[in-house]
Amino acid sequence: MFDAPRRAVTTERMQGMPTETLNDLNLYEEDAATLITVLIEYPDKETRDMILATGMADGMEASFARLEHAILQNA
């Protein structure tokens, strides 16, 4: 489901993982800036812990930092 330009809800299956996640990405304007929130729902705690152990959260943070830097460079 997409509620452009504010929200995208998708499913994702990481390679080698037996289950899917539900991802809910929202964009908000706050103090003249865009705030991104991402809620990822895992089927259970074990799956969540297994995926977090891959370093996925650090990779997402690095990707958002690169995106922010690229946007600021073009501002």
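Please refer to the structure placed before this passage.
Computed from a predicted structure; not experimentally measured. (Residues numbered from 1 in each chain as written. Predicted model: local features only at pLDDT ≥ 70, side-chain atom pairs only at ≥ 80, totals over all residues. Heavy atoms only, no water.)

Draft legend 1. Highlighting the layout of surface pockets. Considering only enclosed or pocket space, the largest pocket measures out at about 340 Å³ in volume. Of all the elements in the fold, those that place two or more residues in the lining of the largest pocket are β4 (33-41) and α2 (56-73). The class makeup of the residues in the lining of the largest pocket is nine nonpolar, one polar and two charged. (1 Å grid on protein atoms, 1.4 Å probe; cavity = no way out; pocket = protein on both sides within 12 Å on 5 of 7 lines; lining within 4 Å. Points joined across faces, edges and corners; volume = space filled by probe spheres on them. Helix = DSSP H or I, 4+ residues; strand = E, 2+ residues; numbered from the N terminus. Nonpolar A, V, L, I, M, F, W, Y, C, P; charged D, E, K, R; others polar.)

Draft legend 2. Quick look at the environment of Thr34. Checked against the element boundaries, Thr34 lands in strand β4. For Thr34, a relative accessible area of 58% gives the class exposed. Sequence-distant contacts of Thr34, defined by excluding residues within four places in its chain, comprise Leu27 and Tyr28. (Buried < 20%, exposed > 50% of the residue type's maximum accessible area, 1.4 Å probe, protein only. Contact = heavy atoms within 4.5 Å.)

Draft legend 3. Examining a nonpolar patch on the surface more closely. Together, Leu27, Ile36, Val38, Phe64, Leu67 and Ile71 make up an exposed nonpolar region whose accessible area comes to about 440 Å². Taken together, the elements giving at least two residues each to the nonpolar patch come down to β4 and α2. The greatest single-element share of the nonpolar patch, amounting to three residues, is contributed by α2. As for its placement among the helices and strands, Leu67 is situated in helix α2. With a relative accessible area of 42%, Leu67 lands in the partly exposed category. (Patch = residues over 30% accessible without salt bridge, like charges linked within 9 Å, V, L, I, M, F, W, Y side chains within 5 Å. Areas by Shrake-Rupley, 256 points an atom, 1.4 Å probe, with all protein chains shown as cover. Salt bridge = Lys/Arg side-chain N within 4 Å of Asp/Glu carboxyl O.)

Draft legend 4. Region of the structure containing the pattern of salt bridges. One pass over the structure, following the stated rule, counts four salt bridges. Among the salt bridges present, the one from Glu20 reaches Arg13, with a minimum N-O distance of 3.8 Å. For Glu20, a relative accessible area of 42% translates into the label partly exposed. Lys45 is the salt-bridge partner of Asp49, the closest N and O atoms lying 2.7 Å from each other. With Asp49 and Lys45 both in helix α1 (residues 45-52) and four residues apart, the pair spans about one turn of that helix. Residue Asp49 is classed as partly exposed on the basis of its relative accessible area, which comes to 31%. What you see here is one network of salt bridges that share partners, running through Lys45, Arg48 and Asp49.

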